[in-house]
Amino acid sequence: MRREENYGWLYGIVAGSCVAAMQIGVGMLQMDRDYAILLGAAQGLLVCSLTVICGGILAWILRPLPMENEEAPNPVQQRLRDYREAFGNLAVSFAGEGQKAEAVPENEQLDKTEKMKLLWKNRLEENRAAVAIQLGEMAQIMTDTVEYAWDTRPDEELEQVLAKKLKGMGLYVHSVLVYQEEHRRQEVYLTVSTRRRKCVATKDIAEVLSRMMKKAMMPGKDSRAFVGSEKVTVLFAERTNFQVLCGVEKAVKSKETISGDNFSLHRCREGQFIGALSDGMGSGMAAYRDSEMVIDLLEQFLEAGFSKETAVRMINSALIVRSDAQVFSTIDISSLDLYTGICEFLKVGASTTFIRRENWVETISSTSLPAGVFHKLEPDCTSKKLYDGDMVIMVTDGVLDALPAAHQEKLIKDIILEHDTGNPSELAAYILARVRQYREKEPVDDMTVLVMGLVKY
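Residues numbered from 1 in each chain as written. Predicted model: local features only at pLDDT ≥ 70, side-chain atom pairs only at ≥ 80, totals over all residues. Heavy atoms only, no water.

1. As for helix H10 (residues 408–418)
In step 1: Residues of H10 that are buried: Gln408, Leu411, Ile412, Ile415 and Ile416. The buried residues of H10 all sit within an arc of 140° when viewed along its axis, so they share a single face.
In step 2: The secondary structure elements touched by the buried residues of H10 are strand E13 (353–357), strand E14 (360–364), strand E16 (391–395), helix H9 (397–401) and helix H11 (424–436). (Buried < 20%, exposed > 50% of the residue type's maximum accessible area, 1.4 Å probe, protein only. Helix = DSSP H or I, 4+ residues; strand = E, 2+ residues; numbered from the N terminus. Arc of directions from axis to C-beta. Contact = heavy atoms within 4.5 Å.)

The following block contains the structure:
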């Protein structure tokens, strides 16, 4: 910012000189000449000094407060903002004018070359729209990173206290880094090593950390169980209020050797536990590969920190641009917050999900189309508060289709309430066995039952 120029001293000299000149001229007419000059000079100097001092005080009072946005931006933040703008502009350029695909005439006399050109043109427009969505998502990811990635800070006070406390356990603390994003729980990255080739359990370190921070802490996901003489960084996070027990049962379609259904049970770093189901189009190996790709991409996106909505939209775009043939897959996600017990349901062409609580069952349904049909995805989203002992039952459409069409959901509810158990594995096996009793023949479609039970610590 350009430095402001200060002319207060010049104003003071001018004002003092004028006063001195006037006083000397008047004094020489009324008193001794030498005395008049001395008195005029003294008065001029006084006026000059008062002008400079008062002007400085007034300028200080009227000086505007510094604005926060005048600070120099973080260079990494600025780089990410540039990336965001670039991805946003690319998304606009790929989207073009948003031309709609033209219908292919069902005229047998139409020239085959022209028909092929029209098909390729429509396919190109769909791919352009899908790529534009992907680039737009990347721009949004950059925005989220700029907003939330700067809350990491060293805690020197905590580091000093921990160094003293852990020294008695034979540990040497190299650094302590506290990390907290907006609306998320606190995390601590502790870089430690042991003295004299000892081994210390990370759960013992978590107990010390809990007492110091006055909140229950636990080793993070995939953290090592012990710390040795080698310097390592261990993540500690606030302990969750709930844990999840899971059970899965599957049945393969008749005359097939592999199920076209795939599932995932994934615990994220931020205290989220996610259960996901995907039913590939058709059956056998082709359906298995499609649903496997969906689940693999979903796990990778979630592990990288993307939101569920962003992950699903990126997967949908990948299915659209993947090949010449259309590929459809359902996506069914139940995301449990292990701190609050709130479960978020996201469905893309998926079957009904059931929530069992004591002696009643609630349903979560969807009317959306599977992923890979349209480049603009509109998933069905809802959330429910769950409590200790509640169970979430997720099924693929093969389970419901095995029941009489007029009473599918009612029959499933009755089956769920028949078996009074708190074991998710037992309930999943019971549901699948009872459903298969309604068909004397082998399954006509792949069937998968995934049960998640919420248990309070």
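Next comes the rest of the account.
2. Focus: the side chain of lysine 308
In step 1: Summarising the element assignment, lysine 308 is placed in helix H8 (residues 308–321).
In step 2: Under the relative-accessibility criterion, lysine 308 is labelled buried at 13%.

3. Regarding the pairing of strand E17 (residues 447–456)
In step 1: With eight of its 10 residues buried, E17 lies for the most part within the structure.
In step 2: The sheet contact formed by E16 and E17 spans five bridges and is antiparallel. Residue pairing across strands places isoleucine 393 opposite valine 451, the latter belonging to E17. (Pairing = 2+ DSSP bridges.)

4. Section: helix H7 (residues 284–303)
An α-helical turn contains 3.6 residues, so any two residues separated by three or four positions project in the same direction.
In step 1: Relative to the 28 Å expected for 20 residues at 1.5 Å per residue, H7 spans 28 Å between its end C-alpha atoms, a close match to the ideal helical length.
In step 2: Positioned one or two residues after H7, glycine 305 has a phi angle of 100°, which is positive. (Expected span 1.5 Å × (residues − 1).)

5. Regarding the confidence of the model for the protein chain
In step 1: Per-residue confidence for the protein chain gives a mean pLDDT of 78; residues scoring 70 or more make up 67%.
In step 2: Confidence, expressed as mean pLDDT per element, reaches its minimum in the protein chain at strand E1 (residues 152–154) with 59 and its maximum at E16 with 96.
In step 3: Counting contacts from residues 1–5, a segment whose pLDDT is below 50, to residues more than four positions away or on other chains yields one contact.
In step 4: Low confidence marks residues 66–72, where pLDDT is under 50. Its contacts with residues over four positions away, or in another chain, come to one contact. (pLDDT = per-residue confidence, 0-100.)

6. So, the pattern of salt bridges
Two side chains bearing opposite charge may form a pair once their charged atoms approach each other closely.
In step 1: Within the structure shown, the criterion is met by seven salt bridges.
In step 2: Between glutamate 238 and lysine 215 there is a salt bridge, with its nearest N and O atoms 3.7 Å apart. With a gap of 23 residues between them, glutamate 238 in strand E7 (residues 232–238) and lysine 215 in the loop between helix H6 (202–213) and strand E5 (217–219) connect regions that are remote in the sequence.
In step 3: The exposure class of glutamate 238 is buried, given its relative accessible area of 15%. (Salt bridge = Lys/Arg side-chain N within 4 Å of Asp/Glu carboxyl O.)

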